[in-house]
6 protein chains.
Amino acid sequence: MKVAVFRKEHFNAAHRLYNPNWSDKENDQVFGKCNNPNWHGHNYELVVRLIGNPDPDTGYVYDMKKLSDIIREEVLIRFDHKNLNLDVPEFKNLNPTAENIAIVVYNLLRKRINDDLDLKVTLYETERNFVEYPAG
Amino acid sequence: MKVAVFRKEHFNAAHRLYNPNWSDKENDQVFGKCNNPNWHGHNYELVVRLIGNPDPDTGYVYDMKKLSDIIREEVLIRFDHKNLNLDVPEFKNLNPTAENIAIVVYNLLRKRINDDLDLKVTLYETERNFVEYPAG
Amino acid sequence: MKVAVFRKEHFNAAHRLYNPNWSDKENDQVFGKCNNPNWHGHNYELVVRLIGNPDPDTGYVYDMKKLSDIIREEVLIRFDHKNLNLDVPEFKNLNPTAENIAIVVYNLLRKRINDDLDLKVTLYETERNFVEYPAG
Amino acid sequence: MKVAVFRKEHFNAAHRLYNPNWSDKENDQVFGKCNNPNWHGHNYELVVRLIGNPDPDTGYVYDMKKLSDIIREEVLIRFDHKNLNLDVPEFKNLNPTAENIAIVVYNLLRKRINDDLDLKVTLYETERNFVEYPAG
Amino acid sequence: MKVAVFRKEHFNAAHRLYNPNWSDKENDQVFGKCNNPNWHGHNYELVVRLIGNPDPDTGYVYDMKKLSDIIREEVLIRFDHKNLNLDVPEFKNLNPTAENIAIVVYNLLRKRINDDLDLKVTLYETERNFVEYPAG
Amino acid sequence: MKVAVFRKEHFNAAHRLYNPNWSDKENDQVFGKCNNPNWHGHNYELVVRLIGNPDPDTGYVYDMKKLSDIIREEVLIRFDHKNLNLDVPEFKNLNPTAENIAIVVYNLLRKRINDDLDLKVTLYETERNFVEYPAG
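Everything numeric in this text was worked out from a predicted model, so none of it was measured.

### Some thoughts on the overall build of chain A
Line of reasoning, step 1. Each helix and strand in chain A was counted, giving 4 helices and 5 strands.
Line of reasoning, step 2. Summarising its shape, the C-alpha atoms of chain A cover approximately 60 × 30 × 25 Å along the three principal directions.
Line of reasoning, step 3. Here chain A holds 136 residues, and 64% of them are scored as buried.
Line of reasoning, step 4. Working note: accessible area of chain A is about 5,600 Å², and carbon and sulfur atoms make up 47% of it.
Line of reasoning, step 5. Taking the 18 positively charged and 21 negatively charged side chains of chain A as two groups, their mean positions are separated by 1 Å.

What follows is the structure, given as structure tokens:
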């Protein structure tokens, strides 16, 4: 049986939800006040989970300091105090919903984490709305 | 790989735990102070999880506003500021333990959520006691 | 300059808000769903603050274990898993609003805490509604 | 002795901190990443405190539903899912620091709350940075 | 479909992370300030999850009071206000990382919980670092 | 009217509560399990409050980054991942109760914060036990 380890980080960002192929009316109907063209923002809480076997020499599945460094290098430096739509290339043509942010974060981290470790990302947009990728 | 989305809501309710087929003494032994015939109550926190694929046009697995509306219509209007035993028909012959409340909530929501979306309910009775249905 | 020490405890209770001298219609207008005659309930969080000088021998303003015992004896045993209106004599003729509960708790504790210690009570009815007595 | 009552609400907004009379370099030195010209954002938590005497007929210092309505009408409708700098006239010539947001919120609410009630505003910009106005 | 029930408890303990087969320099490189020979400590939050079928007579998967008693007897009495390295025999030759503490807690509880109930342990060392065993 | 600004930081430390002039029996009676000679520990949460007037050019009472730096330099570097009794000179002859830690933190910070700013320290030893200095 394996052990899961979790590291929680946070970032603050602005975003706007809309589909550029839709009319303003359609965007308002679907995205409501999240479609404010002047942006709004959130304190995002990010939890990264790795699953593996504890190293017998250290008792660690993964060094949490190293995981924190990777999250900072891959995610926080790019996302924190940014406008996700304007400042983060991955969202140039991708709506920055919590779902899509979690998928982008997963892909950024996956390439830095060895494949024998299972990876999951949980992203809190607010205390009441959050997402998990991959699910389950 | 799919994405899970979560919506958190809350309601405040009174209840009493007991088995009407048992003696007072048996009920006290099993349910202790939760068997107060004059009721007691809780601030219940409810988290609803759906798993699916993000819609390519919206980036949403599910519109959280719509999910919030369904939870309000199916659960909050019936449970909030109510006596679960007296005011909610589902608990007329069912002990309103956190386990049974979660199952009832699941069944109320399941019929409103399309079957291609996986559904799970987490219910916090207190910060220290909570349940999940279905498990795992 | 003095030091304040705080102890947090909790209890779960049922209650109903209404004025017996008013009509049902008046009670519904003022108290809304809090006026459910079948009761509803809350997880109350209680924070008790004492202000004094640390004892030079112990470094304590007050022994938190002793304060916890006093809160249990005076408040939790009487309020926890109770119906405040029916089971607690202090609310026989007093509406159990958060304001009035805080005043009753203060009076119960005041007689057990030496007068040279300043006493304040904060009571959370929900995460979003709370009260403090005395104010300020 | 009076009672304090508290109501907690929240809003999500974008903002940018800068002084238009300063050079970019000066703004970067003082405001750092908060000076991102493309904005960033926060989940603001707002706690409003009123101090008064409980009404003997209701046991309320103030009806929390009414206070919640006033906060929504005066603050949330104007601030929630907005860009504070662009969408809120009060910040046209005022830097939207947490300090200044709290003062603006206080002034908006003060005119709606009777003068015999003491008013205070606490604003959480993040879990780690928050302000209170008036202080103490 | 089964139901999961969760019980949250806590304990405060001191510990030191190091490998006695390594030099001081190696230990400092891997464990950093967690290798302080004079110890440091944490408020550990422990969540225990059981999965089973609700008993038709009680509506309980498990009596939370009984689970709380077992956690106290097996874990809290041994770990709370202790030095994990010096006072807890299980860590005499096992580095008390969060991963290893979770495994030890699981093994202590597993022998007290009937095998037809699935068991999982989540341990929070800090709000930002936590582990789960078994994973997933 | 002035504005209060708050900054929250944390540190993890080991300590032991006892009076070296007392017998073991007296120490056990007063300090109970906090008197474990092998130490125990906590995740301390520290909130620092300053009161002043917002600078008209910045809208800041105080730069939170600067306050965070001062807390790190004066408190975290000395206290985090340390044994308060053994590693921190201020507690060589002073029992490291929450009350005394708060007073020591206040004195360390006071000399770095200009006198025209009011200073207060709140220290959480656990979620249920916390202190404030100066009180009120």
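Further notes follow.
### A short note on unusual backbone geometry
Line of reasoning, step 1. The residue after Tyr133(C), namely Pro134(C), is reached through a cis peptide bond having omega -5°.
Line of reasoning, step 2. Along the polypeptide, Pro134(C) turns up in the segment after β5 (129-133).
Line of reasoning, step 3. The backbone of Trp39(C) sits at a positive phi, close to 75°, despite the residue not being glycine.
Line of reasoning, step 4. With respect to the helices and strands, the residue Trp39(C) is situated in the loop between α1 (24-31) and β2 (40-52).
Line of reasoning, step 5. We classify Trp39(C) as buried; its relative accessible area is 12%.
Line of reasoning, step 6. The phi angle at His81(D) is positive, at roughly 60°, despite the residue not being glycine.
Line of reasoning, step 7. Following the sequence through the fold, His81(D) ends up in the loop between α2 (64-79) and β3 (82-83).
Line of reasoning, step 8. By relative accessible area, which is 8% here, His81(D) ends up buried.

### A few points about the relation of the copies chain F and chain C
Two copies of one chain are present, and they are related through a rotation about an axis combined with an axial shift.
Line of reasoning, step 1. Under the fitted operation, chain F is carried onto chain C by 0.0 Å of movement along the axis and a turn of 120°, and the coordinates agree to an RMSD of 0.0 Å. Those values place the two copies in the arrangement expected of a three-fold rotation axis. Scanning chain F for the C-alpha nearest the rotation axis identifies Gly136(F), at a separation of 4.8 Å.

### Things to note about the packing of aromatic side chains
Line of reasoning, step 1. If you walk through the whole model with that rule in mind, you get 48 aromatic pairs over all chains.
Line of reasoning, step 2. With centroids separated by 4.6 Å and ring planes inclined at 5°, the aromatic side chains of Phe6(A) and Phe130(E) adopt a geometry described as stacked. With one member in each of two chains, Phe6(A) in strand β1 (residues 3-15) and Phe130(E) in strand β5 (residues 129-133) form a pair that bridges those chains. Each member of the pair Phe6(A) and Phe130(E) is classed as buried.
Line of reasoning, step 3. Taken together, a centroid distance of 5.5 Å and an interplanar angle of 85° make the contact between Phe11(B) and Phe79(B) edge-to-face. You can see Phe11(B) sitting in strand β1 (residues 3-15) and its partner Phe79(B) sitting in helix α2 (residues 64-79), a full 68 residues away along the chain. As far as the burial class goes, Phe11(B) and Phe79(B) line up, both buried.
Line of reasoning, step 4. By way of ring pairs, the aromatic residues Phe11(A), Tyr44(A), Phe79(A) and Phe91(A) are connected into one cluster.
Line of reasoning, step 5. Residue placement shows Arg16(D) over the ring face of Tyr18(D); its charged tip is 3.8 Å from the ring centre.

### Describing the relation of the copies chain D and chain A
Line of reasoning, step 1. With an RMSD of 0.0 Å, chain D superimposes on chain A once it is rotated by 180° and translated 0.0 Å along the axis. Such a combination of turn and shift is consistent with a two-fold rotation axis.
Line of reasoning, step 2. A shared binding surface is used by both copies, with 100% of the interface residues of chain D retained as interface residues in chain A.

### Things to note about the arrangement of the chains
Line of reasoning, step 1. Between chain C and chain E there is no contact; the minimum C-alpha to C-alpha separation amounts to 14 Å.
Line of reasoning, step 2. In this view chain A stays clear of chain F, with the nearest C-alpha atoms of the two still 14 Å from each other.

### Overview of the environment of Leu76(F)
Residues and elements named next belong to chain F.
Line of reasoning, step 1. Looking at the secondary structure, you find Leu 76 in helix α2 (residues 64-79).
Line of reasoning, step 2. For the pair formed by Leu 76 and Phe 11, sequence separation is 65 residues and the distance between their alpha carbons is 6.3 Å.
Line of reasoning, step 3. Not counting the four nearest positions on each side in its chain, Leu 76 is found in contact with Glu 9, His 10, Phe 11 and Ile 71.

### Quick look at the interface of chain D and chain A
Line of reasoning, step 1. Facing 20 residues of chain D, the contacting portion of chain A comprises 20 residues.
Line of reasoning, step 2. Taken together, chain D and chain A are joined by 2 salt bridges.
Line of reasoning, step 3. Notably, a salt bridge pairs Asp80(A) with Lys33(D), separated by 2.7 Å at the nearest N-O pair.
Line of reasoning, step 4. Applying the counting rule to chain D against chain A returns 17 residue pairs in polar contact (both at pLDDT 80 or more).
Line of reasoning, step 5. When contributions to the side of chain D that touches chain A are tallied by element, the ones reaching two or more residues are β1 (3-15), β2 (40-52), β3 and α3 (84-87) of chain D.
Line of reasoning, step 6. Per-element accounting of the side of chain D that touches chain A gives the leading share, 4 residues, to β2(D).

### Side note on the side chain of Ser68(C)
Residues and elements named next belong to chain C.
Line of reasoning, step 1. The topology assignment puts Ser 68 in helix α2 (residues 64-79).
Line of reasoning, step 2. Under the relative-accessibility criterion, Ser 68 is labelled buried at 14%.
Line of reasoning, step 3. At 2.7 Å, the side chain of Ser 68 forms a polar contact with the side chain of Glu 9.
Line of reasoning, step 4. Sequence-distant contacts of Ser 68, that is, excluding residues within four places in its chain, are made with Arg 7 and Glu 9.

### Regarding the side chain of Asn100(D)
Line of reasoning, step 1. Looking at the element boundaries, Asn100(D) is found in helix α4 (residues 98-110).
Line of reasoning, step 2. Take Asn100(D): its relative accessible area is 8%, and that puts it in the buried class.
Line of reasoning, step 3. Side-chain polar atoms of Asn100(D) contact the backbone oxygen of Asn95(D), separated by 2.8 Å.
Line of reasoning, step 4. The residues touching Asn100(D), leaving out its near neighbours within four places in the chain, are Phe91(D), Leu94(D), Asn95(D) and Gly59(F).

The rules behind these values
All residue numbers here refer to positions counted from 1 along the written sequence of the relevant chain. Each chain takes a letter, starting from A, and each ligand takes a number, starting from 1, following the order in which they are written. It should be noted that, the model being predicted, local features are given only for residues of pLDDT at least 70 and side-chain atom pairs only at 80 or more, the latter also being counted only at that level, while totals for whole chains, interfaces and linings use all residues. Neither water nor hydrogens contribute to the side-chain values; these are computed over all heavy atoms in the structure. Runs of H or I in DSSP of at least four residues are treated as helices and runs of E of at least two as strands, each being numbered from the N terminus. Per-residue accessibility, obtained with a 1.4 Å probe over protein chains only, is compared with the maximum for each type, and a residue is labelled buried under 20%, exposed over 50%, and partly exposed between these values. Values of accessible area rely on a 1.4 Å probe in the Shrake-Rupley scheme; residue burial ignores everything except the protein chains shown. Only four residue types enter the charge count: Lys and Arg as positive, Asp and Glu as negative, with His and the chain ends excluded. Every charge is mapped onto a representative atom, which is NZ of Lys, CZ of Arg, CG of Asp or CD of Glu. A least-squares fit on C-alpha atoms brings the copies together, and the residues used are those whose pLDDT is at least 70 in both copies. For Phe, Tyr and Trp, where Trp contributes only its six-membered ring, two rings pair if their centres lie within 6.5 Å, and the inter-plane angle classes them as stacked under 30 degrees, edge-to-face over 60, or tilted in between. Whether a charge sits over a ring depends on NZ of Lys or CZ of Arg being within 6 Å of the ring centre and within 35 degrees of the ring normal. Residues count as neighbours in contact if any of their non-hydrogen atoms are within 4.5 Å of one another. The salt bridge definition used is simple: a Lys or Arg side-chain nitrogen within 4 Å of an Asp or Glu carboxyl oxygen. Polar contact criterion, stated in full: a pair of N or O atoms within 3.5 Å, where within protein one must be able to donate a hydrogen and the other to accept it, and residues adjacent in sequence count only if both atoms are side-chain atoms.

All we've got here are geometric facts, nothing functional implied.
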